[in-house]
Amino acid sequence: MSGGPEPISAEGLRAVREELAQLRVERGKVAATLRGVEPTGDRADAADELQRASEVTRLDRRITELETRLREAEVAGEPSTRVVGVGSTVTVRFGDGTEETVEISELAEERDLTLVTFDSPLGKALLGRHAGETVHYETPAGADSAVVLSVGDAA
């Protein structure tokens, strides 16, 4: 990644917003179970209260990360259709002749598009490339290559 605000694809944006909404609901449920400053019962009750408070803290951190990511994506604008970057949708033809459309993502998730993380061997090879370029990268099975057919939304 460039270190600055990175674009995000429409699908990535949808996924971040969906996760954020789910986390806010979950946080609300967990926070509602906290007793606050009231004295707690026995040690088991105190431990349970502490665990729920830790869960709220964890959820708050993740919510903050996602809110920050959304703000950065807004500043960065749409993913480029000229050069491959984080958030780009890229159609490639692999060395075996198969073609696939992938999205360069920050995180791997199971979604409709095949996601390639920016720090994976293929992701690293694709970053900064243009349509028509051939990339070479290592796989667990050995060296491989792919030709960038297009950058931007799949038709």
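The preceding data block contains the structure.
Residues numbered from 1 in each chain as written. Predicted model: local features only at pLDDT ≥ 70, side-chain atom pairs only at ≥ 80, totals over all residues. Heavy atoms only, no water.

S.K.: Is there a simple way to think about the overall build of the chain in this case?
M.R.: Summing up its helical and strand segments, the chain has three helices and five strands in all. Each helix and strand of the chain, ordered N terminal to C terminal, gives the series α-α-β-β-β-α-β-β. Within the chain, the proportion of its 155 residues that are buried is 33%. In the chain, of all internal contacts separated by at least 6 residues, the share reaching a separation of at least 24 is 51%. Counting only carbon and sulfur atoms, one obtains 52% of the accessible surface of the chain, whose full area is about 9500 Å². (Helix = DSSP H or I, 4+ residues; strand = E, 2+ residues; numbered from the N terminus. Buried < 20%, exposed > 50% of the residue type's maximum accessible area, 1.4 Å probe, protein only. Contact = heavy atoms within 4.5 Å. Areas by Shrake-Rupley, 256 points an atom, 1.4 Å probe, with all protein chains shown as cover.)

S.K.: So what exactly am I meant to see when it comes to the environment of Arg-14 here?
M.R.: As for its position among the elements, Arg-14 is in helix α1 (residues 10–31). For Arg-14, a relative accessible area of 36% translates into the label partly exposed. At a separation of 2.6 Å, a polar atom in the side chain of Arg-14 contacts the side chain of Glu-18. (Polar contact = N/O pair within 3.5 Å; in protein donor to acceptor, adjacent residues only side chain to side chain.)

S.K.: Before we go on, may I ask you to explain α1 in this structure?
M.R.: Because an α-helix completes one turn every 3.6 residues, residues spaced three or four positions apart along the sequence face the same direction. In this model, α1 (22 residues) spans 31 Å end to end at C-alpha, consistent with the 32 Å of a helix rising 1.5 Å per residue. By the burial criterion, the buried members of α1 are Gly-12, Ala-15, Val-16, Leu-20, Leu-23 and Val-30. Buried positions in α1, seen along its axis, are confined to an arc of 135 degrees and lie on one side of it. Projecting away from the buried face of α1 at angles above 90 degrees are the exposed residues Ala-10, Arg-17, Gln-22 and Lys-29. (Expected span 1.5 Å × (residues − 1). Arc of directions from axis to C-beta.)

S.K.: When you look at the environment of Leu-13 in this model, what are you seeing that I'm missing?
M.R.: Residue position: Leu-13 is located in helix α1. Assessed through its relative accessible area of 22%, Leu-13 is described here as partly exposed. With 60 residues separating them along the chain, Leu-13 and Ala-73 place their C-alpha atoms 8.4 Å apart.

S.K.: It is not clear to me how the environment of Glu-49 should be interpreted in this structure. Could you clarify?
M.R.: The topology assignment puts Glu-49 in helix α2 (residues 43–76). Between the alpha carbons of Glu-49 and Arg-35 there is a distance of 7.7 Å; along the sequence they are 14 residues apart.

S.K.: Explain the sheet that holds strand β4 (residues 134–139) to me, please; I cannot follow it from the model alone.
M.R.: Taken in spatial order, the five strands of this open sheet run β3-β2-β1-β5-β4, and their pairing is mixed. A strand with exactly one partner marks an edge of an open sheet, and here the two such strands are β3 (114–117) and β4. Averaged over all adjacent pairs, the angle separating strand axes in this sheet is 45 degrees, with direction ignored. Summarising the sheet, strand β1 (residues 89–94) and strand β5 (residues 142–151) pair through five bridges and their orientation is antiparallel. In the strand pairing of β5, Arg-93 is matched with Val-147. (Pairing = 2+ DSSP bridges. Axes fitted to C-alpha atoms, helices over the stretch in contact; angles between N-to-C directions.)

S.K.: In this structure, what is going on with the pairing of β1? I would like to understand it.
M.R.: A regular strand carries its side chains on alternate faces of the sheet. Of all six residues that make up β1, five are buried, and the element is covered over most of its length. Of the strand pairs in this sheet, β1 and strand β2 (residues 99–105) are connected by five bridges, and their pairing is antiparallel. In the sheet register, Arg-93 faces β2, and the bridge partner there is Glu-99.

S.K.: Sorry if this is basic, but what is going on with the nonpolar core here?
M.R.: Soluble globular proteins: nonpolar side chains tend toward being buried together. Core analysis: the biggest nonpolar cluster contains 17 residues, and Val-90, Ile-104, Leu-122, Leu-126, Val-135 and Tyr-137 have the highest contact counts within it. Where this core is concerned, the elements lending two or more residues are β1, β2, α3 (121–126), β4 and β5. The residues touching Leu-122, leaving out its near neighbours within four places in the chain, are Phe-94, Val-116, Val-135 and Tyr-137. Counting residues in each nonpolar core, the second largest holds eleven residues, with Leu-20, Leu-23, Val-56 and Leu-66 among its members. (Core = buried A, V, L, I, M, F, W, Y, C linked by side-chain atoms within 4.5 Å.)

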